[in-house]
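# Notes for the structure review
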Amino acid sequence: MKLYKYLKKQKQNQRKMWAVLLDPDKVDFQQFRDLLKRINFAKPDIIMVGGSFISKQNLDKLVKKLKKNCQLPVILFPGGPTQIAPDADALMLLSLISGRNADYLIGKHVEAAPELARSDFEIIPTGYILIENGKTTSVEYISNTKPIPRDKTDIALATALAGEMLGLKMLYLEAGSGAKKPVPPNMISTISKHSRLPVIVGGGIKSKAQMLKTWAAGADIVVVGTAFENMTF
Ligand code: 1GP
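Cut-offs and rules
Residue numbering note: each chain is counted from 1, following its sequence as written. Reporting of local features is limited, given that this is a predicted model, to residues whose pLDDT is at least 70; pairs of side-chain atoms are given and counted only at 80 or more, and all residues count toward the totals for whole chains, interfaces and linings. In computing side-chain values, all of the structure's heavy atoms are included and hydrogens and water are not. Helix and strand definitions follow DSSP, with helices as H or I runs of at least four residues and strands as E runs of at least two, each counted in order from the N terminus. The span expected for a helix works out to 1.5 Å for each residue beyond the first. Fitting one axis to the seven residues ending at a residue and another to the seven starting there, the bend at that residue is the angle between the two axes. By definition in these notes, contact holds between two residues if any of their heavy atoms fall within 4.5 Å. Between N or O atoms, a polar contact is any pair within 3.5 Å; within protein, one atom must be a potential hydrogen donor and the other a potential acceptor, and residues adjacent in sequence are included only when both atoms are from side chains. Think of each axis as a best-fit line through the C-alpha atoms, taken over the contacting stretch in the case of a helix, with angles from 0 to 180 degrees between the N-to-C directions. The scheme is simple: roughly parallel for angles under 35 degrees, roughly antiparallel for over 145, roughly perpendicular for 65 to 115, oblique for anything else. For a crossing to be left-handed, the near helix must be turned anticlockwise from the far one by less than a right angle; the clockwise case is right-handed. We call Asp, Glu, Lys and Arg charged. Ala, Val, Leu, Ile, Met, Phe, Trp, Tyr, Cys and Pro are nonpolar, and the rest, Gly among them, are polar. Partly exposed describes any residue whose relative accessible area lies between the buried limit of under 20% and the exposed limit of over 50%, with all areas from a 1.4 Å probe on protein chains only and scaled to the type maximum. We treat two strands as partners when DSSP finds at least two bridges between them. Handedness rule for crossovers: strands pointing away from the viewer, path from the first strand over the helix to the second running clockwise, crossover right-handed.

Between its first and last C-alpha atoms helix H4 (residues 102-118) spans 24 Å; for 17 residues at 1.5 Å apiece the expected length is 24 Å, and the two agree. Helix geometry: H4 is bent most strongly at Ala112, by close to 50 degrees, with proline Pro114 lying one to four residues after it. Tucked into the core, H4 has its buried residues touching strand S4 (90-96), strand S5 (122-130) and helix H5 (138-143). Residue Asn101 occupies the N-cap position of H4, its side-chain oxygen lying 2.9 Å from the main-chain nitrogen of Asp103.

Listed below in structure tokens is the structure:
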């Protein structure tokens, strides 16, 4: 079954999922077996691979190794148009719909399209929505866009609905890597109540308790990056 179909089915069955986010430049390939053990122990449903400035070589290497040694689906979460690894199962084609920078709404996609068209993996168009977390995040700085203020649930909802109407297949509510404050639960619940799309939530999730709270608010997939990297999750 294609990955998106599987994710939709899990959502219909109210089966909550979580994804571990790996940055290929922060993975110690000498200790790859230990990483696999930690993944097997933590039991995520999905492995996401991506980062802001990753080397293509490490990206390809990590995805290849994961696919060879692990049964979990591997989804690319690209920070730019060169972050394409042919061995992945799928790629989130992110459109930064909280921003007003044409490059991150369509420009980078145009640059990536020829190579994406030659790839075999599934492409999942995803509305990427940045939510303010109290400090400037890398995505915000690099994309030169403003996040949606945390108390503007109505704007976040209208953005999510517009994304759905434009045909995007998933919504990713992002507080930013290492965020001090994760996406507010009331914003997650409002969006998940009004949208039929799988809702992914990430940024600043540090504990199982926070993950449960995020699921309870309505997230379908919770993403954990920094806490897994720091071995505190
Ligand atoms: C970042 O949402 C992800 O894009 C994960 O954030 O690193 O804070 O877990 P953390």
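Moving on: the packing of helix H2 (residues 32-42) against helix H3 (residues 56-69). Packing of H2 against H3 brings their axes to within 12 Å, and their N-to-C directions diverge by 60 degrees. The angle between H2 and H3 falls in the class oblique. Considering only the axes of H2 and H3, their crossing is right-handed. Residues Phe32, Leu36 and Ile39 of H2 lie in contact with H3, whose contacting residues are Leu62, Lys65, Leu66 and Asn69. Split into classes, the residues belonging to the contact of H2 with H3 amount to 5 nonpolar, 1 polar and 1 charged.

Turning our attention to the pairing of strand S1 (residues 17-22). Taking burial as the measure, the 6 residues of S1 include 6 buried ones, the bulk of the element. Across the two faces of S1 the burial is the same, with Met17, Ala19 and Leu21 and Trp18, Val20 and Leu22 all buried. Where S1 and strand S8 (residues 221-224) come together, 4 bridges link them in parallel fashion. By the bridge assignment for S8, Val20 is matched with Val224. Handedness of the crossover joining S1 and strand S2 (residues 46-49) through H2: right-handed.

By themselves, these are just geometric observations and shouldn't be taken as functional.
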